[in-house]
Amino acid sequence: MKQRIKHCNLCNVDFSTMYRVQYKNPKEWVFVCKECLLEVKKDNPLYTYGGTWKR
Ligand SMILES: [Zn+2]
């Protein structure tokens, strides 16, 4: 089993709760923290929410 640790795609910090989102082209799923989530979803037509991930 891989270690269940993810780092925020934007600030690269390890959080216990991450948000799975798409926010840019090409669309791909990335994990971001709550603060970065608020940043990327702001006025972003590409933003898609894919669920919350907890370890
Ligand atoms: Zn972050």
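Residues numbered from 1 in each chain as written. Predicted model: local features only at pLDDT ≥ 70, side-chain atom pairs only at ≥ 80, totals over all residues. Heavy atoms only, no water.

1. Remarks on the coordination of the zinc ion
Consideration 1: The protein atoms that coordinate the zinc ion are C8 (SG), C11 (SG), C33 (SG) and C36 (SG), at distances spanning 2.2 to 2.3 Å.
Consideration 2: With four donor atoms in place around the zinc ion and angles of 102 to 118° between them, the coordination shape is tetrahedral.
Consideration 3: Mapped onto the polypeptide sequence, the residues donating to the zinc ion form the spacing pattern C-x2-C-x21-C-x2-C. Taken together, the residues C11 in the segment before β1 (17-22) and C33 in the loop between β2 (30-32) and α1 (34-41) connect sequence positions 22 residues apart. (Donors = N, O, S within 2.8 Å, 3.2 Å for Na, K, Ca; no water. Tetrahedral: all angles 85-135°; square planar, octahedral: opposite > 155°, others 65-115°. Helix = DSSP H or I, 4+ residues; strand = E, 2+ residues; numbered from the N terminus.)

2. Side note on the sheet that holds β1
Consideration 1: Read from one edge to the other, the open sheet built from three strands follows the order β2-β1-β3, with strand pairing classed as antiparallel. Across the chains shown, the open sheet's two edge strands, defined by having one partner strand only, are β2 and β3 (48-54). Taking each pair of neighbouring strands and ignoring which way they run, the sheet shows an average axis angle of 35°.
Consideration 2: The sheet contact formed by β1 and β3 spans five bridges and is antiparallel. Counted as the bridge partner of Q22 is T48 from β3. (Pairing = 2+ DSSP bridges. Axes fitted to C-alpha atoms, helices over the stretch in contact; angles between N-to-C directions.)

None of this, on its own, says anything about what the molecule does.
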